[in-house]
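Structural overview
Chain by chain, the residues:
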Amino acid sequence: MKTSYLALVVMGIGIGPFALCAQAETSSAPGNATGSGATVYGVLDAGVVAERGCALNCGANKVSGGVASGSRLGVQGREALGNDVAAVYTLEAGVQNDTGQSEDGRLFGRQAYVGLDSRLGALTLGRQYNLQYAALADVADPFKGGMAGSAGNLAGYGAKRYDNTVKYASPALRGVSAAAIYSFGESPYSRAQNRAYGATLGYSAGAVNVSVSHQRKNNFIQAAGTVPAIDMSARNTLVAANLDLGLATAFAAVGMNKGYGSSPWDPSNAYSSLALSMSSSDSRDTLLGVSVPVHGFNVLASYVRKDDRDLSNRDASQIALGVTYALSKRSDFYASYAKIHNKNGARYTVGNASDGGRGDAAFNLGFRHGF
């Protein structure tokens, strides 16, 4: 125990006071503090995507990598340091396996962190998942953030990961776990411009899985001076849940979003994206979904509603259907269809795990293998 406390204190001194205030992360905490060695793993996913209802010409149907799950190649490991303390690390590269290119132009753009894991919890530093996104995809969404039915097409916050992040993840105690993160801004013009923080409290036991998460992201447009042209800050609160009913699993979520960056938008066109995507600065999200296993198939359905509270009242709703068929524990076929109904000039699009999409409807058909 002395080694466990000492390890966490040393890490806290090295990264400053914010890590000592953090309180935990549920789904991506490293494992127990025993063992050693490295593990190479990955996912290869490719599918045919057909889009309809684009503002401009959708063009021909296409093959896309990372439709149901983002394709990746990763290595993770741990070294036992004694007294139930271990050094842990993860390097995970996103791959566009339809072309062989790197995802987002980063070598390890999905995850890249190192830290310590003990019976007191895990403390990690580097590029890591946004807790609010993880709660939406892992707990509330029957499509798990992928295929045409991804809840992220309408709900929650667009950024999946944060750079320069300190994360503390608690161990589960009688089903209760918690997490907290702090992402340093590190903008050359203002440290406050790009920083973020968030926390999650979860309960998972038996058939019940519930989480409450909140995140705040200051303007994530890198300022070219003291103040960016458009403030795209975001505040998101999400209550997510699923319930295993035996014959089916029910999913639900409600969310509250504040700020012009708090809803899905196009960051590739940063300063004009507000006009192009008609983003909302005040909205409420509602999600209802179900997953039903049927003779090797898994039938998925969800309904997501974006209630815009701005004067423009740009509401949107998405209906999605999907199916997966498992050939083994690591290989499956999938198909999905989703349609978004935009109102009053809203321009939300049907995307998938790796692509934001261009139209208000899309069909996916593909194959996924993990190793």
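The model shown is predicted, which means the values in this text are computed figures rather than measured ones.

**With respect to the overall build of the protein**
When its secondary structure is counted, the protein shows 4 helices and 18 strands. Across the 371 residues in the protein, those meeting the buried criterion constitute 50%. Counted over contacts in the protein with a minimum sequence separation of 6, partners at least 24 positions apart contribute 62%. Carbon and sulfur atoms provide 60% of the accessible area of the protein, an area that totals close to 17,100 Å².

**Quick look at unusual backbone geometry**
One non-glycine residue, Met147, adopts positive backbone phi at about 60°. Positionally, Met147 belongs in the loop between helix H3 (131-140) and strand S8 (161-169).

**Things to note about a nonpolar patch on the surface**
Among the surface-exposed residues, Val294, Phe297, Val299, Tyr325, Leu327, Phe333 and Phe367 lie close enough to one another that they form a single nonpolar patch of about 580 Å² accessible area. Along the chain, Val299 falls in strand S15 (residues 297-308).

**A look at the pairing of S8**
With respect to burial, S8 is a largely interior element, 7 of its 9 residues being buried. With 5 bridges joining them, S8 and strand S9 (residues 176-183) adopt antiparallel strand pairing. Bridging across to S9, Tyr168 finds its partner in Ala180. Hairpin remark: S8 followed by S9, antiparallel, with 6 residues in the connecting loop; positive phi at Arg174, about 55°.

**Thoughts on the pattern of salt bridges**
This structure, assessed with the given rule, holds 15 salt bridges. Two residues, Arg110 and Glu103, come together in a salt bridge whose shortest N-O distance is 3.9 Å. With a relative accessible area of 6%, Arg110 lands in the buried category. A relative accessible area of 12% means that Glu103 is categorised as buried. Linking Arg106 and Asp163 is a salt bridge whose minimum nitrogen-to-oxygen distance equals 3.0 Å. Here Arg106, found in the loop between strand S5 (101-102) and strand S6 (111-118), pairs with Asp163, found in strand S8; they are 57 residues apart in sequence, far enough to count as distant. A relative accessible area of 29% places Asp163 in the partly exposed class. Counted as one network, the salt bridges with shared partners bring together Glu92, Glu103 and Arg110.

**Some words on the pairing of strand S13 (residues 249-258)**
Looking down a regular strand, the side chains alternate between one sheet face and the other. In S13, alternate side chains face the same way, and those of Thr249, Phe251, Ala253, Gly255 and Asn257 are buried while those of Ala250, Ala252, Val254, Met256 and Lys258 on the opposite face are not. Taken together, the 10 bridges between strand S12 (residues 234-244) and S13 define a ladder with antiparallel strand orientation. The residue of S13 that forms the bridge with Val239 is Val254. The pairing of S13 with strand S14 (residues 282-294) spans 10 bridges and is antiparallel. The residue bridging Met256 from the neighbouring strand is Arg284, located in S14.

**Considering the packing of aromatic side chains**
Here the structure, examined in full by the defined rule, presents 4 aromatic pairs. Between Tyr129 and Tyr133 the ring centres are 6.2 Å apart and the planes differ by 10°, which places this aromatic pair in the stacked class. A relative accessible area of 16% places Tyr133 in the buried class. When the ring of Tyr182 is compared with that of Phe184, the centres are 5.0 Å apart and the planes differ by 80°; the resulting orientation is edge-to-face.

**Observations regarding the environment of Lys343**
Along the chain, Lys343 turns up in the loop between strand S17 (331-342) and strand S18 (361-370). By relative accessible area, Lys343 is classed as partly exposed at 37%. Separated by 28 residues in the primary sequence, Lys343 and Asp315 have C-alpha atoms spaced 5.3 Å apart.

**Things to note about the confidence of the model for the protein**
On average, residues of the protein score 85 in pLDDT, and 83% of them are at 70 or above. Confidence over residues 1-34 falls short of pLDDT 50; this stretch has 78 contacts with residues more than four positions distant or in other chains. This model gives residues 269-276 a pLDDT under 50, and the stretch forms 19 contacts once residues within four places in sequence are excluded.

**A look at H3**
Within H3, 9 of the 10 residues are buried, leaving the element largely enclosed by the surrounding structure. For H3, every residue scored as buried is listed here: Leu131, Gln132, Tyr133, Ala134, Ala135, Leu136, Ala137, Val139 and Ala140.

**Some thoughts on the environment of Val95**
Along the chain, Val95 falls in strand S4 (residues 85-96). Measuring from C-alpha to C-alpha, the distance between Val95 and Arg110 comes to 9.6 Å, with 15 residues separating the pair along the chain. What Val95 contacts, discounting residues up to four positions off in sequence, is Ser71, Arg72, Leu73, Gln101 and Glu103.

The rules we used
Residues numbered from 1 in each chain as written. Predicted model: local features only at pLDDT ≥ 70, side-chain atom pairs only at ≥ 80, totals over all residues. Heavy atoms only, no water. Helix = DSSP H or I, 4+ residues; strand = E, 2+ residues; numbered from the N terminus. Buried < 20%, exposed > 50% of the residue type's maximum accessible area, 1.4 Å probe, protein only. Contact = heavy atoms within 4.5 Å. Areas by Shrake-Rupley, 256 points an atom, 1.4 Å probe, with all protein chains shown as cover. Patch = residues over 30% accessible without salt bridge, like charges linked within 9 Å, V, L, I, M, F, W, Y side chains within 5 Å. Salt bridge = Lys/Arg side-chain N within 4 Å of Asp/Glu carboxyl O. Pairing = 2+ DSSP bridges. Phe/Tyr/Trp six-rings, centres within 6.5 Å; stacked < 30°, edge-to-face > 60°. pLDDT = per-residue confidence, 0-100.

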